Amino acid sequence: MRRLIVFLSLTLTLIGCGRSPTAPTPSPVPTSLPRTPLPPALMVPPPLLYVQGTTLFEQDAGAPPHRLVDLPDESAVLAAAAVHDTVLVLRERAIQRVRLADGSIDTILSFDRPVRFGQLVGGRDGDRAIYQAVANDPDAPFGFRTRIGVYDANGTVRDLPALTNLTEYTTLQPLGFSADGTSLYLLPRGQDPSFARVLVVSLKSGEVAADLPVEGEGEAVLAPGGRLLATTARRLFPDASPEQVIFLYGLTGQPPTRRMVSLPQASSPATGVLWAPDGRFMYFALRPRDPSTNQEASAGLWRLDVETGDVVLVAEVSDAGSQPAALSPNGEWLLMRTAAGEQAILIHLPTATPESFTLPATAIIAGWR
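Let us look at the structure shown here. (Residues numbered from 1 in each chain as written. Predicted model: local features only at pLDDT ≥ 70, side-chain atom pairs only at ≥ 80, totals over all residues. Heavy atoms only, no water.)

**Description of unusual backbone geometry**
Then step 1. Look at the link from Gln-254 to Pro-255: it is a cis peptide, with omega at -5°.
Then step 2. Although it is not a glycine, Asp-73 sits at a positive phi angle of roughly 85°.
Then step 3. Position of Asp-73 relative to the elements: it lies in the loop between β4 (66-70) and β5 (77-83).
Then step 4. In this structure Asp-73 comes out as partly exposed when scored by relative accessible area, which is 34%.
Then step 5. Despite not being glycine, His-84 has its phi angle at roughly 60°, a positive value.
Then step 6. When you line up the elements, His-84 lands in the loop between β5 and β6 (86-91). (Helix = DSSP H or I, 4+ residues; strand = E, 2+ residues; numbered from the N terminus. Buried < 20%, exposed > 50% of the residue type's maximum accessible area, 1.4 Å probe, protein only.)

**Side note on the pairing of β5**
Then step 1. Counting buried positions along β5 yields 5 of 7 residues, so the element is predominantly enclosed.
Then step 2. The pairing of β5 with β6 spans 6 bridges and is antiparallel. When the sheet's bridge partners are listed, Ala-79 is paired in β6 with Leu-90.
Then step 3. The antiparallel hairpin formed by β5 and β6 contains 2 residues in its connecting segment, where His-84 sits at a positive phi of about 60°. (Pairing = 2+ DSSP bridges.)

**Quick word on the pattern of salt bridges**
Then step 1. Per the stated rule, a full pass over the model turns up 12 salt bridges.
Then step 2. Asp-137 serves as the salt-bridge partner of Arg-145, at 2.3 Å between the closest nitrogen and oxygen.
Then step 3. For Asp-137, a relative accessible area of 4% translates into the label buried.
Then step 4. As a salt-bridge pair, Arg-197 and Asp-211 come within 3.5 Å of each other at their nearest N and O atoms. Taken as a pair, Arg-197 in strand β15 (residues 194-202) and Asp-211 in strand β16 (residues 208-217) lie far apart in primary sequence, 14 residues in all.
Then step 5. Residue Asp-211 is classed as partly exposed on the basis of its relative accessible area of 40%.
Then step 6. Via salt bridges that share partners, Arg-113, Asp-137 and Arg-145 belong to a single interconnected network. (Salt bridge = Lys/Arg side-chain N within 4 Å of Asp/Glu carboxyl O.)

**Considering the sheet that holds strand β7 (residues 94-99)**
Then step 1. Ordered in space as β5-β6-β7-β8, the 4 strands form an open sheet in which the pairing is antiparallel. Unpaired on one side and paired on the other, β5 and β8 (105-110) mark the two borders of the sheet. Each adjacent strand pair in this sheet contributes to an overall mean axis angle of 20°, direction not counted.
Then step 2. Here 5 bridges tie β7 to β8, and the two strands are oriented antiparallel to one another. Residue pairing across strands places Arg-97 opposite Asp-106, the latter belonging to β8. (Axes fitted to C-alpha atoms, helices over the stretch in contact; angles between N-to-C directions.)

**Points about the pairing of strand β13 (residues 171-177)**
Then step 1. Buried residues dominate β13, accounting for 7 of its 7 residues.
Then step 2. By the bridge criterion, 6 bridges tie β13 to strand β14 (residues 183-189) in an arrangement that is antiparallel. Bridge pairing in β14 links Leu-172 to Pro-188.
Then step 3. Where β13 hands over to β14, the hairpin turn is made up of 5 residues, of which Gly-181 adopts a positive phi near 75°.

**Focus on the sheet that holds strand β12 (residues 157-159)**
Then step 1. Strand order in the open sheet formed by 4 strands is β9-β10-β11-β12, and the pairing between neighbours is antiparallel. Of all the strands in the sheet, just β9 (115-122) and β12 have a single pairing partner and so form its edges. If you compare each strand with its neighbour and ignore which way they point, the axes differ by 20° on average.
Then step 2. One ladder, built from 9 bridges, connects strand β10 (residues 128-136) with strand β11 (residues 144-152); its direction is antiparallel. Within the sheet, the bridge partner assigned to Ile-130 lies in β11 and is Val-150.

**Notes on the packing of aromatic side chains**
Then step 1. By the definition in use, this model includes 3 aromatic pairs.
Then step 2. A ring pair is formed by Phe-117 and Phe-144, whose centres lie 6.0 Å apart and whose planes are at 65°; its orientation type is edge-to-face. Residue Phe-117 is located in strand β9, and its partner Phe-144 is located in strand β11; the two are separated by 27 residues in the primary sequence.
Then step 3. Against the face of Phe-281 rests Arg-303, its NZ or CZ located 3.8 Å from the ring centre. (Phe/Tyr/Trp six-rings, centres within 6.5 Å; stacked < 30°, edge-to-face > 60°. Lys NZ or Arg CZ within 6 Å of the ring centre and 35° of its normal.)

If you want it as C-alpha cells, here you go:
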C-alpha cells in the first residue's frame, strides 16, 4: 500500500498544469540521497575563480586564496565568467579579458556610458558567452537601456543592436543559447518578479524570432543544451494557501510543453536553482520562514531528478539564507553561500560531504578552472 501511495504522489507531481486544479498537488515524499564513500584523494575540488575588489583570485581546497592578477581601471566589477582558458570581467566602462595562461589583460569592449548592472552567461561548450550591460538612459520609457551581445573564444565580440531598441521592457535577462546554437533566449523583466514570456533571438539577424509563453515568478534557469527551462512559480487557489512549484518547459516544440514539480515544503520557494552539466539533475535550496519570528530559515540543499520527478535532500545546511551559487564543470562540487557574511560551504555531491571555508561577502564568482 505504501508503494502505491508513493507512486500515485509522484505521478500527480509530474502532471502538467493545463487544467486549473481545485486543490494543491501533493508534494513528493522527501528522501535523502545515499552517501557513497570515496577515498579522500578523489575528493579534491577544482580551483574556484573569483574577483574581489579589482583582483582576480584562485581558491584551492584547504589553501589560502592565490592572487592571480590585479585588474587595471578603478571602476566597479559587476560580473565575471570563466570562458575556455580566459576570464571575462564586466566593468562599468568595459569588458576585460584575462588570459589565465600568462595573466595578460586586454579590453574587448568599451561602453559609451557607465553600466549600472549586467551579466555574463557562458555557453555549454565553454567557448561563448552572452553579455548584458544595462545603463541609464533618460530617453528610454523606464530609464534603462539594455545592451546584449555575444563573445567568442577566438576574440570576436558582436553586439545585437536591434535588442537595444526593445525599451518596452525594463531589462532583458540573457538565459543562454538554443539547442542548435543559432539563437539565444532572453527573459523580459519588469518591476514585478513574475513573468509570462521568453524571447527567442536569432544570432544571424539579431531580431526577435519567437515569443514563447513561459510563466514564472522569481528565477528562470536554462539547462545545458538549451532544451529545458526551469522557472520557479506559485500556484494560487481560492480556498487554500499558495503552493510553491517548479515549472519545467520543453523548448524544442512550439509552443513549449510544460510539466510541474511540487516541492517538499509547499510554502517554501526554491532559490539558487542550478542545473547539473548533463541536464538530468537540478539543485536548489528551500527558503522557509520561521512562523514565530518571520525570519528566513534553511531547509537544506535539494536535488530534482528531471527524468523521474524525484526530489531528494542532498545535504542539511544550517545557515539561514544559504543558497547554491556555482556548480563545478564535472558536476561533483556545489558552492553555497549567503548574501552577507564570509562563510561559504563547498559540498561534494557524490558523498554529500560539506566543507566550510572563508569567502569574501563581496566576491564575484567567475567559475572554475
